[in-house]
Amino acid sequence: MTQIAFIGLGHMGLPMARNLLKAGYPLKVFDLVRSTVETLSGEGAVAADSAVEAIDQAQVVISMLPASRHVESLYLGEEGLLARLPAGTLVIECSTIAPEAARKVHAAARERGVALLDAPVSGGTGGAAAGTLTFMVGGEAEALERARPMLAAMGKNIFHAGPDGAGQVAKVCNNQVLAVQMIATAEAMAMGVANGLDPAVLAEIMRQSSGGNWTLEKYNPWPGVMESAPASKGYSGGFMAELMAKDLGLAQETASHNGNSAPMGALALQLYRLLLKQGKGKQDFSVVQQLFV
Ligand code: NAD
């Protein structure tokens, strides 16, 4: 079976790698945080001490890192993985990064004869654990067909968004909508509760009404409304506010390339920057609720 190197075992990478193990793929794993590598080696993966060690013998490399700079430094330059991967290797890069950065890595991969996909995901840590992620894929259709069985082990919906970088463009569009919905939901929850409503009752009314959206379905920001949501666990786990701020920054850059205006995204970015200033960047992005209470 295809030998996979999996690099980046954070909130998302760890459960994604677990699903590949469950599907029977031999996995060699690496993260800068040793404890997560050890967790997975206890579950059947081979632990590597470096990214270079992880890719030894790998036919496929999957990475799930925080941002553009991490991805560029992992793959590019004389010390980067692309300088070492044999032609014919498939790289599935799942981090959310700038479309421009993704295109740069695509170009370097093509020069080396390495097939690469930008394949960011949606669905949160719950979707990663359940294997129901949505993949938004940019790159060549042929590479996507090679990747499909592995993507299917980690996700439910697999979209070919278009050529190099297209997956990232789709992802920043999606996350801008998510941020705006989260903020609007948090604002309304605070308003309703301040005016005497029970938060659980209000949440259910809006969920079943025209205000219904993904955050009300799966991720209510008000503590105690949804037992499994990060809001009910002190805003821990989930998707860090600093990563949402990063994605909103990417959305602004993406909009400005074509002279588009993205005012809702701009306001969302400013609100998330405020949260970061308050020292809440490492908490789940639903912590935006606290701006309104
Ligand atoms: P995270 O910070 O929890 O995990 C990133 C991991 O990468 C960390 O464990 C870190 O140690 C590791 N890492 C960083 N540089 C490395 C390197 N050079 N070599 C090896 N490991 C390295 O972040 P996350 O929440 O898992 O998100 C990962 C990506 O997925 C981000 O781009 C994020 O925007 C995106 N994303 C996150 C969610 C979510 O709900 N958390 C949902 C969709 C997309």
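Residues numbered from 1 in each chain as written. Predicted model: local features only at pLDDT ≥ 70, side-chain atom pairs only at ≥ 80, totals over all residues. Heavy atoms only, no water.

Undergrad: What is the right way to look at unusual backbone geometry in this model?
TA: For residues that are not glycine, phi is negative in most cases, and the peptide bond is trans in most cases. Residues other than glycine seldom take positive phi values, yet Gln 57 does so here, at roughly 75 degrees. With a phi close to 60 degrees, Tyr 235 is a non-glycine residue in the positive phi region. The residue Tyr 235 is located in the loop between helix 10 (214–218) and helix 11 (241–257) in this model. (Helix = DSSP H or I, 4+ residues; strand = E, 2+ residues; numbered from the N terminus.)

Undergrad: In this structure, what is going on with the layout of surface pockets? I would like to understand it.
TA: Any empty space left between the atoms is revealed when a probe the size of a water molecule rolls over them. Of the pockets and cavities examined, the second largest pocket occupies roughly 170 Å³. Lining the second largest pocket, in full, are His 106, Ala 109, Arg 110, Gly 113, Val 114, Ala 115, Leu 116, Glu 140, Glu 142, Ala 143 and Arg 146. Of all the elements in the fold, those that place two or more residues in the lining of the second largest pocket are helix 5 (99–112), strand 6 (115–118) and helix 7 (141–154). Looking at side-chain class alone, the lining of the second largest pocket contains five nonpolar, two polar and four charged residues. (1 Å grid on protein atoms, 1.4 Å probe; cavity = no way out; pocket = protein on both sides within 12 Å on 5 of 7 lines; lining within 4 Å. Points joined across faces, edges and corners; volume = space filled by probe spheres on them. Nonpolar A, V, L, I, M, F, W, Y, C, P; charged D, E, K, R; others polar.)

Undergrad: It is not clear to me how the UniProt feature "domain: 6-phosphogluconate dehydrogenase NADP-binding" (unreviewed entry) in the protein chain should be interpreted in this structure. Could you clarify?
TA: On the UniProt side, "domain: 6-phosphogluconate dehydrogenase NADP-binding" (unreviewed entry) is annotated at positions that read residues 3–162 here. Secondary structure content for residues 3–162 is 41% helix and 24% strand, and the end C-alpha separation is 27 Å. (UniProt positions renumbered as here; feature names shortened; annotations may be inferred.)

Undergrad: Would you mind showing me how to read the site of the ligand here?
TA: Contacts to the ligand come from 25 residues, most closely from His 11, Met 12, Asp 31, Pro 66 and Lys 246. A distance of 2.7 Å separates an oxygen atom of the ligand from a polar side-chain atom of Asp 31. Separating an oxygen atom of the ligand from a backbone N or O atom of Pro 66 is a distance of 2.7 Å. About the coverage of the ligand: the protein hides 89% of its 830 Å² of free accessible area. Elements with a contribution of two residues or more to the shell around the ligand: helix 6 (124–130) and helix 11. The residues that make up the shell around the ligand include at least three from each of domain 1 (4–163) and domain 2 (170–291). (Near = heavy atom within 4 Å. Polar contact = N/O pair within 3.5 Å; in protein donor to acceptor, adjacent residues only side chain to side chain. Areas by Shrake-Rupley, 256 points an atom, 1.4 Å probe, with all protein chains shown as cover. Domains from an automatic or database assignment.)

Undergrad: For this particular structure, what's the right way to read helix 8 (residues 166–194)?
TA: Three or four residues apart is the spacing at which side chains of an α-helix point the same way, because the helix has 3.6 residues per turn. For helix 8, spanning 29 residues, the distance from its first C-alpha to its last is 42 Å, which sits close to the expected 42 Å at 1.5 Å a residue. With its phi angle positive at about 95 degrees, Gly 196 sits one or two positions after the end of helix 8. (Expected span 1.5 Å × (residues − 1).)

Undergrad: Mind showing me how you'd approach the pairing of strand 2 (residues 27–30) here?
TA: Burial along strand 2 is two-sided: the face carrying Leu 27 and Val 29 and the face carrying Lys 28 and Phe 30 are both buried. Sheet topology places strand 1 (residues 4–7) next to strand 2; four bridges connect them, and they run parallel. Note that in strand 2 the partner of Phe 6 across the bridge is Val 29. Crossover strand 1 to strand 2 through helix 1 (residues 13–22) is right-handed. The sheet contact formed by strand 2 and strand 3 (residues 46–47) spans two bridges and is parallel. (Buried < 20%, exposed > 50% of the residue type's maximum accessible area, 1.4 Å probe, protein only. Pairing = 2+ DSSP bridges. Right-handed = clockwise from strand over helix to strand, strands pointing away.)

Undergrad: I would appreciate a short explanation of the packing of helix 1 against helix 7 in the present structure.
TA: Helices that pack against each other are described as a pair by the angle of their axes relative to one another and the distance between those axes. Following both chains from N to C, one finds helix 1 and helix 7 inclined at 115 degrees, their axes separated by 8 Å at the closest point. Taken together, the axes of helix 1 and helix 7 lie roughly perpendicular to each other. Of the two possible hands of crossing, helix 1 and helix 7 adopt the one that is right-handed. Contacts between helix 1 and helix 7 involve Met 16, Asn 19 and Leu 20 from the former and Met 150, Ala 153 and Met 154 from the latter. (Axes fitted to C-alpha atoms, helices over the stretch in contact; angles between N-to-C directions. Parallel < 35°, antiparallel > 145°, perpendicular 65-115°, else oblique. Left-handed = near helix turned anticlockwise from the far one by under 90°. Contact = heavy atoms within 4.5 Å.)

Undergrad: In this structure, what is going on with the packing of aromatic side chains? I would like to understand it.
TA: The relation between two aromatic rings is expressed through the spacing of the ring centres and the mutual angle of the planes. Inspection of the entire model under this criterion finds three aromatic pairs. With a centroid separation of 5.5 Å and an interplanar angle of 65 degrees, the aromatic rings of Phe 239 and Phe 285 are classed as edge-to-face. Taken together, the residues Phe 239 in the loop between helix 10 and helix 11 and Phe 285 in the segment after helix 12 (263–277) connect sequence positions 46 residues apart. Phe 285 carries the same exposure label as Phe 239, and that label is buried. Pairwise contacts between aromatic rings join Trp 214, Tyr 219, Phe 239 and Phe 285 into one cluster. (Phe/Tyr/Trp six-rings, centres within 6.5 Å; stacked < 30°, edge-to-face > 60°.)

Undergrad: Help me understand empty space enclosed by the protein, please; the structure alone is not making it clear to me.
TA: Here the structure, examined in full by the defined rule, presents one cavity of 30 Å³ or more. There is about 40 Å³ of room inside the largest cavity. Lining the largest cavity, in full, are Val 71, Glu 93, Ile 97, Ala 102, Val 105, Leu 116, Asp 118 and Gln 168. The set of elements that each furnish at least two residues to the lining of the largest cavity consists of helix 5 and strand 6. Classifying every residue of the lining of the largest cavity gives five nonpolar, one polar and two charged.

Undergrad: I would appreciate a short explanation of the UniProt feature "domain: 3-hydroxyisobutyrate dehydrogenase-like NAD-binding" (unreviewed entry) in the protein chain in the present structure.
TA: The sites that carry the UniProt feature "domain: 3-hydroxyisobutyrate dehydrogenase-like NAD-binding" (unreviewed entry) are, in the present numbering, residues 165–289. With 60% helix and 0% strand, residues 165–289 has end C-alpha atoms that lie 32 Å from one another.

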